[in-house]
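Topology and contacts: notes
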Amino acid sequence: MPKFANLSAEATQFLREKTGSIHLECYTYIDPNRAENSFFIVRTTNKVIHVAFAEIDYNPANYSSLLQGLYRTIYE
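Thresholds applied
- Residues numbered from 1 in each chain as written.
- Predicted model: local features only at pLDDT ≥ 70, side-chain atom pairs only at ≥ 80, totals over all residues.
- Heavy atoms only, no water.
- Helix = DSSP H or I, 4+ residues; strand = E, 2+ residues; numbered from the N terminus.
- Rg over C-alpha atoms; globule rule 2.2 N^0.38 Å.
- Buried < 20%, exposed > 50% of the residue type's maximum accessible area, 1.4 Å probe, protein only.
- Contact = heavy atoms within 4.5 Å.
- Areas by Shrake-Rupley, 256 points an atom, 1.4 Å probe, with all protein chains shown as cover.
- Lys, Arg positive; Asp, Glu negative; His and termini not counted.
- Charge placed at Lys NZ, Arg CZ, Asp CG, Glu CD.
- Salt bridge = Lys/Arg side-chain N within 4 Å of Asp/Glu carboxyl O.
- Core = buried A, V, L, I, M, F, W, Y, C linked by side-chain atoms within 4.5 Å.

**Quick notes on the overall build of the protein chain**
- Secondary structure summary: the protein chain contains two helices and four strands in total.
- Of the regular secondary structure in the protein chain, the N- to C-terminal order runs β-α-β-β-β-α.
- Taking 11 Å as the expected radius of gyration for a compact globule of 76 residues, we find that the protein chain reaches 12 Å, a close match to that expectation.
- Its C-alpha atoms give the protein chain principal-axis dimensions of roughly 35 × 25 × 20 Å.
- Classification of the 76 residues of the protein chain by burial places 37% in the buried group.
- Restricting to contacts in the protein chain with at least 6 residues of sequence separation, those with at least 24 account for 31%.
- As displayed, the protein chain offers around 5,000 Å² of accessible surface, 50% of which is attributable to carbon and sulfur atoms.
- Taken together, the 7 basic and 8 acidic charged side chains of the protein chain have centroids lying 5 Å from each other.

Put into structure tokens, the structure is as follows:
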């Protein structure tokens, strides 16, 4: 079954501020029943990056931690 990611204004703004890219967009799919199915799609001017929540080191009780972990996973 297809999964549809939605534009995440908060994640997009966070990543734009961290990277300085005004062209970056971040989409997210959150499965409330199975966290291992959740993921981000980050679109830049020249690539599309898929990052599963399972690939990110974060505190599940803190969304800010998830965004910081997403940045670290892609850029560090």
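**A word on the pattern of salt bridges**
- Following the criterion strictly, the structure yields two salt bridges and no others.
- Note that Glu 25 and Arg 43 form a salt bridge whose closest N and O atoms lie 2.5 Å from each other. Here Arg 43 lies in strand E3 (residues 39-43) and Glu 25 lies in strand E2 (residues 25-29), a separation of 18 residues in the sequence.
- Exposure remark for Arg 43: the relative accessible area of 35% places this residue in the partly exposed category.
- Residue Glu 36 is joined to Arg 34 by a salt bridge in which the shortest nitrogen-to-oxygen separation is 2.8 Å.
- You can call Glu 36 partly exposed: its relative accessible area is 47%.
- With relative accessibility at 44%, the residue Arg 34 sits in the partly exposed group.

**So, the nonpolar core**
- Counting residues in hydrophobic clusters, the biggest one holds 15 residues, and the most contacted among them are Leu 15, Cys 26, Phe 40, Val 42, Ile 56 and Leu 70.
- Secondary structure elements with two or more residues in this core: helix H1 (9-19), E3, strand E4 (48-52) and helix H2 (63-75).

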